[in-house]
Amino acid sequence: MDRFVVYSIALLVLISSAIIVASYVGHKKGELEGTDDIVEDLATSATHVQAKEIVPAIPEDMEPIGFTIAGILGGLLVGYFWEDMFGTGERK
Amino acid sequence: MHISDGILPLVWCGIWYAVCIPFWIVGVREIRKRTKEDPKYLPTLAMIGAAVFVISVWHIPVPVTGSCSHPVGTPMAAIIVGPFATVVISSIALFFQAFLGHGGITTLGANTFSMGVVGTFTGYLTYILLKNRAPVWLSAGLAGFVGDIMTYVTSALELALGLNPHSVVYHWWLYFLGYGPTQIPIALAEFAFTAGVVSYIAENRPELLKVGVAHG
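Keep in mind the model is a prediction, meaning the values are calculated, not measured.

**Q** Break down the overall build of chain B for me, citing the residues and quoting the values.
**A** Within chain B, the regular secondary structure consists of eight helices and two strands. Ordered by position from N to C terminus, the α and β elements of chain B give α-α-β-β-α-α-α-α-α-α. The C-alpha atoms of chain B give a radius of gyration of 17 Å, which matches the 17 Å a tight globule of 216 residues would have. Taken along the three principal axes of its C-alpha coordinates, chain B extends 50 × 35 × 30 Å. Pairs at least 24 apart in sequence give 74% of the contacts found in chain B among residues at least 6 apart. Counting 10 positive and 9 negative side-chain charges, chain B places the averaged centre of each group 11 Å from the other.

Here it is as structure tokens:
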């Protein structure tokens, strides 16, 4: 493994750790509302417009499955092209 | 910055779509051109697109304000793959995010304009202006910070223009105050990861960055 791959794996671990820590903080603090929802509520409260669901959103409990499938497909794609994108050419 | 369907009047949805069309046309042409020049460009673009998708849907809690928000990732993408291509990939990311309950289809133009156009170009221009005057990490980090904040400034403006045409400036400020306190710590995080990623690529694979800078 060259330094770039090692660094990428370290970055992966770092980002995953940050996600886990953020999830833990979110869990301990309860459901934290997103600023998008806060501002939309503020905007709609005075104007009487309402958000509408035009496209069917994936249910929240299905999101981890969706992200897992996307992650597997994305990982296969990046893995397939990894040498083309980041390879030093030594192994060719 | 994800504005949902039904929030903006249809006229404004159309206006924001119309504003984005030139950027999409130039972006698609740019992607075609660069793909012919360099076969590595398309998989790199796909990977950066996936990164923008994840970064811009990943809500980070800010316990101090009791709410959460997300970075945008488009300044980093613009430095690596170029600004017009970033507009295209951010639109694709925003389209799929609509199926996760973030944003919408009628507001895709408005969301693309704030994150994909303003976030991208303000971040990219910050990087271009600073890259010969400051270290790469600082130029890239400031690009991330500026692009992040400007995305939310633009979203607030879109809401004010669409919903409060008689008091745009007041409501622009009001809506930005809804985003700002949570967004500033997130923008600092965006500073850190944009600085880290870009400076590492600049040091180890500078040819990847040249794509974004030389042709931008």
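Additional details are given in the paragraphs that follow.
**Q** Break down the environment of Tyr175 of chain B for me, with residues and values.
**A** Of note, Tyr175 of chain B is situated in helix α7 (residues 168–204). The buried category is assigned to Tyr175 of chain B, whose relative accessible area is 1%. The sequence separation of Tyr175 of chain B and Ala156 of chain B amounts to 19 residues, and the corresponding C-alpha distance is 5.2 Å. If we skip the residues at most four places from it in the chain, Tyr175 of chain B touches Val39, Leu42 and Ala43 of chain A together with Ala156, Leu159, Ala160 and Asn164 of chain B.

**Q** Explain the pattern of salt bridges to me, and be specific about the residues and the numbers.
**A** Residue and element names in this part refer to chain B. Across all of its chains, the model carries one salt bridge over all chains by this definition. Between Glu30 and Arg34 there is a salt bridge whose closest N-O contact spans 2.8 Å. Placement of both Glu30 and Arg34 in helix α1 (residues 10–37) is noted, with a separation of four residues, approximately one turn of the helix. Residues Glu30 and Arg34 agree in their burial class; the two are buried.

**Q** Could you give an account of the interface of chain B and chain A, naming the residues involved and the relevant values?
**A** By a widespread convention, an interface's size corresponds to the accessible area lost as its parts come together. Taken together, the 46 residues of chain B in the interface contact 41 residues of chain A. Interface of chain B and chain A: buried area, both sides summed, is about 3,700 Å²; carbon and sulfur atoms make up 71% of it. Summed over the shared surface of chain B and chain A, the result is six residue pairs in polar contact (both at pLDDT 80 or more). The set of elements that each furnish at least two residues to the side of chain B that touches chain A consists of α2 (41–55), β1 (60–62), β2 (67–69), α6 (136–163) and α7 of chain B. Grouping the constituent residues of the side of chain B that touches chain A by class yields 26 nonpolar, 16 polar and four charged.

**Q** Report on the environment of Leu157 of chain B, specifying residues and quantitative values.
**A** All names here are of chain B. With respect to the helices and strands, Leu157 occurs in helix α6. Its relative accessible area of 22% is what places Leu157 among the partly exposed residues. Along the backbone, Leu157 and Tyr179 are 22 residues apart, and their C-alpha atoms lie at a distance of 12 Å. Once residues within four sequence positions are removed from consideration, Leu157 is found in contact with Val168 and Trp172.

**Q** So, the sheet that holds β1 of chain B: which residues are in play, and what are the values?
**A** Taken in spatial order, the three strands line up as β1(A)-β2(B)-β1(B) in an open sheet, and their pairing is mixed. Only two strands of the sheet have a single neighbouring strand rather than two, namely β1 (33–34) of chain A together with β1 of chain B. Of the strand pairs in this sheet, β1 of chain A and β2 of chain B are connected by two bridges, and their pairing is parallel. Looking at the pairing, Glu33 of chain A lines up with Ser67 of chain B of β2 of chain B. Across the sheet, α7 of chain B touches β1 and β2 of chain B, and the angle it forms with β2 of chain B is around 50°.

**Q** How would you summarise the environment of Met115 of chain B if you had to cite specific residues and measurements?
**A** Residues and elements named next belong to chain B. Within the secondary structure layout, Met115 lies in helix α5 (residues 108–130). C-alpha of Met115 to C-alpha of Ala192: the two residues are 77 residues apart in sequence and 19 Å apart in space. Residues within four places of Met115 in sequence aside, it is in contact with Met1, Val52, Ser56, Val72, Thr74, Ser90, Leu94, Thr120 and Thr151.

**Q** Explain the packing of helix α3 (residues 74–81) of chain B against α7 of chain B residue by residue, including any values.
**A** Residue and element names in this part refer to chain B. Viewed as axis vectors pointing N to C, α3 and α7 meet at an angle of 15°, and their least axial separation amounts to 9 Å. Between α3 and α7, the crossing angle belongs to the class labelled roughly parallel. Like other packed secondary-structure pairs, α3 and α7 cross with a definite hand, here right-handed. Across the interface between the two elements, Thr74, Pro75, Met76, Ile79 and Ile80 of α3 pack against Glu190, Phe193, Thr194, Val197, Val198 and Ile201 of α7. A breakdown of the residues in the contact of α3 with α7 according to their chemical character gives eight nonpolar, two polar and one charged.

**Q** Hey, could you go over α3 of chain B for me, with residue numbers and the actual values?
**A** All names here are of chain B. Where burial is concerned, most of α3 is hidden: eight out of the eight residues are buried. Taken as a whole, α3 has its buried residues at Thr74, Pro75, Met76, Ala77, Ala78, Ile79, Ile80 and Val81. Immediately beyond the C-terminal end of α3, within one or two residues, lies Gly82, with a positive phi of roughly 100°.

**Q** Outline the side chain of Ser69 of chain B, supporting the account with residue identities and numerical values.
**A** Summarising the element assignment, Ser69 of chain B is placed in strand β2. Judged by relative accessible area, Ser69 of chain B falls into the buried class, the value being 0%. At 3.2 Å, the side chain of Ser69 of chain B forms a polar contact with the side chain of Thr35 of chain A. In this structure the side chain of Ser69 of chain B is engaged in a polar contact, spanning 3.4 Å, whose partner is the side chain of Tyr152 of chain B.

Definitions and limits used
Residues numbered from 1 in each chain as written. Chains lettered and ligands numbered in written order. Predicted model: local features only at pLDDT ≥ 70, side-chain atom pairs only at ≥ 80, totals over all residues. Heavy atoms only, no water. Helix = DSSP H or I, 4+ residues; strand = E, 2+ residues; numbered from the N terminus. Rg over C-alpha atoms; globule rule 2.2 N^0.38 Å. Contact = heavy atoms within 4.5 Å. Lys, Arg positive; Asp, Glu negative; His and termini not counted. Charge placed at Lys NZ, Arg CZ, Asp CG, Glu CD. Buried < 20%, exposed > 50% of the residue type's maximum accessible area, 1.4 Å probe, protein only. Salt bridge = Lys/Arg side-chain N within 4 Å of Asp/Glu carboxyl O. Buried area = accessible area lost by both parts, 1.4 Å probe. Polar contact = N/O pair within 3.5 Å; in protein donor to acceptor, adjacent residues only side chain to side chain. Nonpolar A, V, L, I, M, F, W, Y, C, P; charged D, E, K, R; others polar. Pairing = 2+ DSSP bridges. Axes fitted to C-alpha atoms, helices over the stretch in contact; angles between N-to-C directions. Parallel < 35°, antiparallel > 145°, perpendicular 65-115°, else oblique. Left-handed = near helix turned anticlockwise from the far one by under 90°.

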